[in-house]
Structure formats: structure tokens, C-alpha cells
Amino acid sequence: MIIALIISLLLYGLLVFYVGWSGYRGFGLKGNRWFLACYSIVLVFLSTSFIIGRLGNGSTIFSIIGNYWLAIFGLLLLTLPVVHIIMLILKFTRLDRNRTRVVATTLVLTFVVGTLMYGSYLAYTPKVTEYNIAVQKSGSEDLKIVMLSDTHFGYLSGIKHAKRLVEEVNQLDADLILIPGDIIDDDLDIVEKKGIFEILSGLESKYGVFGSLGNHDKYRGQMDKLIGAIETADIELLYDEVFLLNEEIYIVGRKDKTESDRMATKDLVAGLDQSKPIFMLDHQPYEFSEAEAAGIDLVVSGHTHKGQIAPGNLITNRLFENDYGYLQKGQLHTIVSSGYGFWGPPIRLGSQSEIVVINVDFE
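Keep in mind it's a predicted model, so treat the numbers as computed, not measured. (Residues numbered from 1 in each chain as written. Predicted model: local features only at pLDDT ≥ 70, side-chain atom pairs only at ≥ 80, totals over all residues. Heavy atoms only, no water.)

## Observations regarding the overall build of the chain
So, step 1. Looking only at helices and strands, the chain features 11 helices and 12 strands.
So, step 2. Residues counted as buried form 50% of the 363 residues belonging to the chain.
So, step 3. In the chain, the share of contacts with a sequence separation of at least 24, taken over all contacts with a separation of at least 6, comes to 74%.
So, step 4. A total accessible area of about 17700 Å² is found for the chain, and carbon and sulfur atoms account for 61% of it.
So, step 5. Side-chain charges in the chain split into 31 positive and 41 negative, and the spacing between the mean points of these groups amounts to 18 Å. (Helix = DSSP H or I, 4+ residues; strand = E, 2+ residues; numbered from the N terminus. Buried < 20%, exposed > 50% of the residue type's maximum accessible area, 1.4 Å probe, protein only. Contact = heavy atoms within 4.5 Å. Areas by Shrake-Rupley, 256 points an atom, 1.4 Å probe, with all protein chains shown as cover. Lys, Arg positive; Asp, Glu negative; His and termini not counted. Charge placed at Lys NZ, Arg CZ, Asp CG, Glu CD.)

This is the structure we're talking about:
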């Protein structure tokens, strides 16, 4: 564990040096000691801000700066190798190297700033994605489910984002609201200070709001305290538990996959009346075959963020059987959301924050 941490820090340090050295040369001020000193101090501050923000009880300022730094750092790692290859090719031309380097640096900075602005728009402007599914079991009436995952309320996904969520969800006139995990972003204290749960208590639906926990819903504090805090928002938190809604529909909430003591799906639903619809909230989209075998009709998940920042979606697509959208396995319908919030950098590229509507037709 320690060796892996050391290797990771060394690799991170080398990548920071690569980005920093590229920027220093790109500004065309090589040899200016004062600029080098100030530039180095700023670079060290930015590159360590995310780590410092996670130490102890955390720091709002360092966390915000650190998250933006991760966004900028990631974009530079994607663009700088391409720029360097182009610069190598231009060496064989008669173009002035220093002027070309400054122009390239300006273009890179413009690209990064523009991408950050566009990525922030995608992160903070949710779309509504709609699915229609048919469940081969009897129900009293068709059902309109609104599902939202990965709200990640915390430092950067805060009051305004929560108020927008409540406003937009209530406009959808849901029969049932499901929230499959990562409601908070590691820090319960900051969420409570912002009054996020009080805002979420304004969510309206015919049959209520049900949630489960994700891997970021337990970073600090005791689990009982976290569950109690979330339930002040009138969210029925299911922690390896089953709720029978109106004597007609089972709603199952699983513990997150990271919890070693979570029950197997078959054990969690053992003894349930299989003639009734069974809907399950499972934060991470794993174990679909087990859910199908256990007679589950619908699984809603999040966690993947659809990669959040491209080409991360290529990785999630390889890791998960269904990393985003809809997939059916036998009688089982699976729907994975890209999430309403975000983790780390407050930007999205190749994905967009979303609210999911699931229209259930019982046949």
C-alpha cells in the first residue's frame, strides 16, 4: 500500500513537472529568475491544493482550488503531447521557434479556458433523459419514476445546484423518486452547513423519495449519523433493506459494493412475493446477472458518471457491462445515469449532468 502510494506520488510529481516545464518554456521567459521563482511557488501550491484540501477536516478553499486544478491539469495532459509533436515537426520549417512557442502557448491557454467554460455548462446544466420500460407483472397503474444519482453535494455542488434539482424534478410530476447513491461528496459537515437536506426536503412525488448509499456517502463520520442526516430530507434511506410500497411494489436498497458486509441480492430478496414488481437501487452497476437470477425487474445505478471527462467514457465502457443508459437482461431492466452532480473537477466533457425519467408500463 505504502509502495503504491509512493509510486503514485512520484508519477504525479513527474507529470506536474512536465506540465510546469512546458508552461515555463511556453511563456518565453526562460532565464528570468524572478518569474521562475514565482511560477514554481504557484505551481507547487496548485498541484498540492487538492491533497491538502483532503487532509484532516478538509479545507473549503483548498478543495475548490484543487478541484479546478485537476480539471486544468487533466486538459493540459491531453493537449500538451499533441502540441509538442506539432512543435517538433515545425522545427524543420523556417518559422521563428520562440514566436511559434508563444503562439502555441496562447492557443493552449485559450483552448483550456474555453473547454473549462463549456465543461462547466455541461456539469451545471442538467438534461432530462427518458426511458420507457415494460414490466411483465401486474401493477395498479403505470408508474412515472424520476431517478437521479451522484448528486455529490459538497463544496462545488451546493445550494444553487440543489435548488435547481428540486425545481426541475418537481416540474416532472413524479410518482416515485429514486436516488441510488453518492448523495454527498465525502463531507457531511459542509452539506449540513449549507442546508442542503432542508432544500431536498422540498422534493415532491406521489409515493415519496427513496435512496441508497454510494461509495462517497461514508467518507467521514458514523454511518448512523449520515443516514439520520439524509432522512431529515424526507428521503427513505434503504441500507440493505426492503420497503413494500402500497402493498404492491418492492423497493430494495443495497449497501454499496465497497461495504464488505453487504448482503447478496438473493439473500436480500429471499421470501419476497415474486409476483410483485421488484425495483432495486444499487449505486455501482455490477452483478446484473445475480439481480436477474433473483427476480429483480429494475435496477437503477449511477457511479460511472459516463466517464465525466472524455475519454474517461472509454474506460467506464470497458469496466462495466452497462456504464450508461439502458440494458435489458431477460426480465431485468437496468438503467445507469451519468449523474446529476460531479466528482472532483466541476466540468463534464463527453457527458452531461442529467435527471432520468423512467416510464414503467405494467403488463
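## A closer look at the pattern of salt bridges
So, step 1. In total, this model carries eight salt bridges according to the counting rule given.
So, step 2. Here Asp261 and Lys255 are joined by a salt bridge, their closest N and O atoms 3.0 Å apart.
So, step 3. Assessed through its relative accessible area of 49%, Asp261 is described here as partly exposed.
So, step 4. The partner of Arg262 in a salt bridge is Asp282, with the nearest N and O atoms 3.0 Å apart. (Salt bridge = Lys/Arg side-chain N within 4 Å of Asp/Glu carboxyl O.)

## Some words on the sheet that holds strand S12 (residues 354–362)
So, step 1. Sheet architecture is open: six strands sit in the order S1-S12-S2-S3-S4-S5, paired in mixed fashion. Each of the sheet's edge strands pairs with one partner strand only, and the pair in question is strand S1 (127–135) and strand S5 (235–237). Taking each pair of neighbouring strands and ignoring which way they run, the sheet shows an average axis angle of 25°.
So, step 2. Alignment of S1 against S12, held across nine bridges, turns out to be parallel. Bridging from a neighbouring strand, Thr129 pairs with Val356 of S12. (Pairing = 2+ DSSP bridges. Axes fitted to C-alpha atoms, helices over the stretch in contact; angles between N-to-C directions.)

## A closer look at the environment of Lys218
So, step 1. Within the secondary structure, Lys218 is located in the loop between strand S4 (209–212) and helix H8 (223–231).
So, step 2. Given a relative accessible area of 28%, Lys218 falls into the partly exposed group.
So, step 3. The spatial distance from the C-alpha of Lys218 to the C-alpha of Ile184 is 8.7 Å, given a sequence separation of 34 residues.
So, step 4. Apart from residues lying up to four places away in sequence, Lys218 is in contact with Met223, Leu226, Thr258 and Glu259.

## Describing the pairing of S4
So, step 1. The two faces of S4 match: Val209 and Gly211 on one face and Phe210 and Ser212 on the other face are all buried.
So, step 2. Two elements, strand S3 (residues 176–180) and S4, share four bridges in a ladder whose sense is parallel. Directly across from Pro180, in S4, lies its bridge partner Ser212.
So, step 3. Across three bridges, the pairing between S4 and S5 is parallel. Note on S5: the bridge partner recorded for Gly211 is Leu237.

## Considerations on unusual backbone geometry
So, step 1. The linkage connecting Ala310 with the following residue, Pro311, adopts the cis geometry, with an omega of 10°.
So, step 2. Examined against the element boundaries, Pro311 turns out to sit in the loop between strand S9 (298–301) and helix H11 (312–319).
So, step 3. Phi at Glu287 takes a positive value of approximately 60°, unusual for a residue other than glycine.
So, step 4. On the secondary structure map, Glu287 appears in the loop between strand S8 (278–281) and helix H10 (288–293).
So, step 5. Looking at Glu287, the relative accessible area reads 29%, which means it is partly exposed.
So, step 6. The backbone phi angle of His305 is positive, close to 60°, even though this residue is not glycine.

## What to know about the sheet that holds strand S10 (residues 325–329)
Strand pairing in a sheet relies on backbone hydrogen bonds. The paired strands run either parallel or antiparallel.
So, step 1. Read from one edge to the other, the open sheet built from six strands follows the order S6-S7-S8-S9-S11-S10, with strand pairing classed as mixed. Whereas interior strands pair on both sides, the edge strands pair on one side only; in this sheet they are strand S6 (241–245) and S10. Ignoring strand direction, the axes of neighbouring strands in this sheet form an average angle of 20°.
So, step 2. With five bridges connecting them, S6 and strand S7 (residues 249–253) associate as antiparallel partners. Bridging from a neighbouring strand, Leu245 pairs with Ile249 of S7.

## Topic: the side chain of Asp217
So, step 1. Turning to its location among the elements, Asp217 is positioned in the loop between S4 and H8.
So, step 2. A polar contact is formed between the side chain of Asp217 and the backbone nitrogen of Asp182, at a distance of 2.6 Å. (Polar contact = N/O pair within 3.5 Å; in protein donor to acceptor, adjacent residues only side chain to side chain.)

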